[in-house]
Amino acid sequence: MLPEQLQENELAAALAAVYPAAIAGAVVAHGELTLHIEPDDILAVLEFFKRQQQFERLSTVTAVDRYPLEPRFEIVYHLQSVERNLRVRLKASVAGEIASATAVYAAANWYEREVFDLFGVVFSGHPNPKRIMMPDDWEGHPLRRDFPTHGFKYSYGEQP
Amino acid sequence: MSETITEPLLQQEPEAGATRRMTLNMGPQHPSTHGVLRVVLELDGEFIEKARPEIGYLHTGIEKQCEALNWQQVITLTDRVDYLANLSNNLCYSLAVEKLLGLEVPPKAQFLRVLLAELTRINSHLVWLGTHALDLGAMTMFFLTFREREDLLRIFEMFSGQRLMTSYIRPGGLALDPPRGWEKPVRAFLEDFPSKIDEYESLLNANPIWLQRTQGIGVLPVEEMLEIGITGPLIRAAGIPLDARKMTPYSSYEKFDFNVPTETGNDVFARYAVRMAEMRESLKIVKQALEGMPEGPTRAEAHRVVLPEREKMKTQMEALIYHFKIVTEGIAVPEGEVFQVVESPRGELGYYVVSDGSGKPLRVHMRTPSFGNLQGLPNLVEKRQISDSIAIMGSLDFVLGDCDR
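1. Section: the overall build of chain B
Per the secondary structure count, chain B includes 18 helices and eight strands. For a compact globule of 405 residues, the expected C-alpha radius of gyration is about 22 Å, and chain B comes in at 23 Å, within 12% of that figure. Accessible surface for chain B amounts to roughly 16100 Å². Of this, 53% is attributable to carbon and sulfur atoms.

2. A closer look at the side chain of glutamate 201 of chain B
All names here are of chain B. In this fold, glutamate 201 is placed in helix H7 (residues 183-204). The buried category is assigned to glutamate 201, whose relative accessible area is 18%. What glutamate 201 contacts, discounting residues up to four positions off in sequence, is Ala206, Tyr272, Met276 and Arg280.

3. Things to note about the packing of aromatic side chains
Using the criterion set out here, one finds 19 aromatic pairs over all chains in the structure. Aromatic side chains tyrosine 19 of chain A and phenylalanine 48 of chain A sit 6.2 Å apart centroid to centroid with 90° between the ring planes, which places their arrangement in the edge-to-face category. Of this pair, tyrosine 19 of chain A sits in the loop between helix H1 (10-18) and strand E1 (23-29) while phenylalanine 48 of chain A sits in helix H2 (residues 42-52), and the two are 29 residues apart along the sequence. Judged by relative accessible area, tyrosine 19 of chain A falls into the partly exposed class, the value being 30%. Taken together, a centroid distance of 5.2 Å and an interplanar angle of 70° make the contact between tryptophan 210 of chain B and tyrosine 272 of chain B edge-to-face.

4. Some details on the sheet that holds strand E8 (residues 363-367) of chain B
Residue and element names in this part refer to chain B. Here three strands make up an open sheet; going across it, the order is E6-E7-E8 and the pairing antiparallel. Edge positions in the sheet fall to strand E6 (336-344) and E8, since each has one partner strand and no second. Each adjacent strand pair in this sheet contributes to an overall mean axis angle of 15°, direction not counted. In the sheet, E6 pairs with strand E7 (residues 347-355) via nine bridges, with the strands oriented antiparallel. Along E7, the bridge assignment pairs valine 342 with leucine 349.

Basis of the calculations
Residues numbered from 1 in each chain as written. Chains lettered and ligands numbered in written order. Predicted model: local features only at pLDDT ≥ 70, side-chain atom pairs only at ≥ 80, totals over all residues. Heavy atoms only, no water. Helix = DSSP H or I, 4+ residues; strand = E, 2+ residues; numbered from the N terminus. Rg over C-alpha atoms; globule rule 2.2 N^0.38 Å. Areas by Shrake-Rupley, 256 points an atom, 1.4 Å probe, with all protein chains shown as cover. Buried < 20%, exposed > 50% of the residue type's maximum accessible area, 1.4 Å probe, protein only. Contact = heavy atoms within 4.5 Å. Phe/Tyr/Trp six-rings, centres within 6.5 Å; stacked < 30°, edge-to-face > 60°. Pairing = 2+ DSSP bridges. Axes fitted to C-alpha atoms, helices over the stretch in contact; angles between N-to-C directions.

Here it is in structure tokens:
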């Protein structure tokens with residue numbers, strides 16, 4: 001449901017009119033609109049923004065690990081409309097799997113591979129679900145909060 | 001390439017009469033890849049049937065390290081993301097943190113930031129022009145552009161003490177006051193440089209080899225470019241004035257009078273033309289910044305964010321306490337998240353910064369232009385010749401550190 005103070009917001013209201021059940025929350029902070037979307041509806045919402053609201057560009061897809069909260073991952077999409085000069089941020093909280101946005105925005109391909117590589121979130125339906133940054137035989141997902149910054153497997157001074 | 005190396009790359013024994021495709025590894029040590037990019041090419045004779053960029057060779061976990069450092073220590077990492085546009089990265093991160101803090105930066109610092117960001121753009125374009133022309137066989141350009149780049153690096157050194165890893169723009173303002181007489185070398189550069197751009201163009205614009213290798217090469221429909229995430233001079237060479245400096249002005253760019261150069265050619269030559277025009281526009285902005293430079297401090301009055309001056313620390317107890325608190329605990333940035341976008345020389349540079357209210361960032365994600373642009377490489381080079389792919393890769397102007405982070 002859309003919070004009271006955001007009924008006036010054009011984008012949020014337009015989405016609420018079409019997919020009222022998809023909105024899990026909405027907030028405007030620092031002049032940026034953030035819409036929390038139910039993970040099951042993310043593709044429909046992305047499609048809505050692309051086809052009906054002229055958001056031609058997917059700027060980036062990334063994730064935030066809220067460990068130890070559950071569900072721990074927030075998948076964050078930044079969209080831009082060049083035509084209307086607008087930006088919007090979509091967020092979906094998932095435990096470890098979400099539908100791939102590559103069918104809607106081709107640019108999602110590498111960004112989702114990066115999130116899979118560094119966070120271990122699986123994007124179902126991704127055309128090439130492989131690691132992109134780390135070596136193929138790497139164990140673990142480095143950007144998770146419970147992955148240590150230093151001292152993975154061996155510490156300084158020791159031979160690997 | 002010797003027979004022993006090519007044999008395992010052949011996919012399978014072809015049937016009689018069928019064409020045979022060859023798989024070729026370009027890079028990770030190929031000179032035209034400017035860093036460690038590996039492109040796996042599937043070739044049909046001279047033509048590229050399929051291209052698969054393999055990145056990650058320069059992945060250094062900068063985003064992970066950001067989470068282990070204080071807010072102000074992260075600045076030194078942002079330098080190392082894009083080592084040709086370090087001040088753009090400093091600026092983007094600082095703006096993001098200032099947005100979270102709700103901090104207003106003094107006008108003089110804002111103007112100096114604009115001035116430095118534009119000099120960075122010229123610096124980056126000079127490296128691009130030199131190496132791009134070198135790839136296509138024009139060796140002289142490399143020496144000429146690096147001659148002018150040296151002047152710029154001296155200017156950066158004068159401001160910050162460093163030629164490359166400047167860390168000069170910090171949350172709350174600038175690291176140091178500019179040194180006395182800093183205008184002089186900047187003015188000298190402004191007077192000197194327009195004739196240098198003319199010199200570059202006189203060498204290239206009528207050069208038949210340059211024109212043959214760039215005109216009509218690397219054309220991609222503009223919708224496909226937007227779809228795949230290409231930004232910066234590439235999208236502007238396709239006629240779309242996508243520029244964060246105009247669309248969402250930051251650091252008082254709205255006070256400057258400049259154009260966003262666009263071309264309609266959409267080929268390698270149009271990208272060259274856009275970048276040359278951008279250097280001229282940047283000069284215009286630097287000139288305006290110099291002439292309209294406001295008086296005043298270069299750091300905000302925010303004791304909990306900006307380190308106190310050295311002199312004050314020796315005489316005032318409070319200054320010493322704040323210094324100790326900032327250095328040991330980090331700046332306390334309020335809880336929240338922002339996505340700050342600036343126009344880096346390569347395109348849209350965005351920092352997505354999340355704070356949980358502590359002295360360290362919860363998450364710093366860099367939306368880097370090289371990553372976005374490089375994703376479009378297969379679309380640009382497929383069905384074209386290998387030699388064209390060198391020109392196209394040069395026109396992308398990627399920095400692998402920026403891509404892999």
